[in-house]
Amino acid sequence: MTAILQATMTPSALIEGLARTPSRLAALVEGAPDAALDAAPAGEWNARTVLAHVRDDEFLVMRVRLARMLAEDHPTLTPFDEGAWAASRWLDRESRRELLADIAEQRAASVAILRRLPVEAWQRPGTQPEIGTFTLQWWVEHWYEHDVNHLEQVATLLGRPVPE
Ligand code: NI
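Report on the accompanying structure.

The rules behind the values
Residues numbered from 1 in each chain as written. Predicted model: local features only at pLDDT ≥ 70, side-chain atom pairs only at ≥ 80, totals over all residues. Helix = DSSP H or I, 4+ residues; strand = E, 2+ residues; numbered from the N terminus. Contact = placed C-beta atoms within 7 Å. Pairing = 2+ DSSP bridges.

Looking only at helices and strands, one finds six helices and two strands in the protein chain. Reading the secondary structure of the protein chain in the N-to-C direction produces α-α-α-α-α-β-β-α. Dimensions of the protein chain, computed from the C-alpha atoms along their principal axes, are close to 50 × 30 × 25 Å. Taking contacts inside the protein chain between residues at least 6 apart in sequence as the whole, the part at least 24 apart equals 76%.

Spelled out as structure tokens, the structure:
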């Protein structure tokens, strides 16, 4: 029998962490020149693309997987091709102001769902071929770690510390 991946953070800590990411990202890019948001080493995403990725993943990936794990009995989730996304992303709402507003709005919608989950829902299982089988809580923790990774990525790109 294969082990089911389990979270180490509590639901309340995860919700609190996820809820803080939009303001941390906003503080991180505040005052940075637009040219800095668009600069990156060859072959890497720049900060603006990372912000668009965080925004788009929220509704293309996060809430889709959340909804499937809540509605279906142990779904097999579909991998998401980030390279294809980056090559085909919409560019018409990528001003810093729009990106930050979109991130805050999308995240608030996700957090509102998570706050209302019954306690047993956090143990619902899902499987992703390249990861294995996990609880919804593990997957939300994975999502929070994704936030932290991209906060650190933008901080490195801009040469700034990650805000508290
Ligand atoms: Ni990512």
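Sheet analysis places strand S1 (residues 125-128) next to strand S2 (residues 132-135), joined by four bridges and oriented antiparallel. Bridged to Gly-126 within S2 is Phe-134. Remark: three residues form the turn of the hairpin made by S1 and S2, two consecutive strands paired antiparallel.

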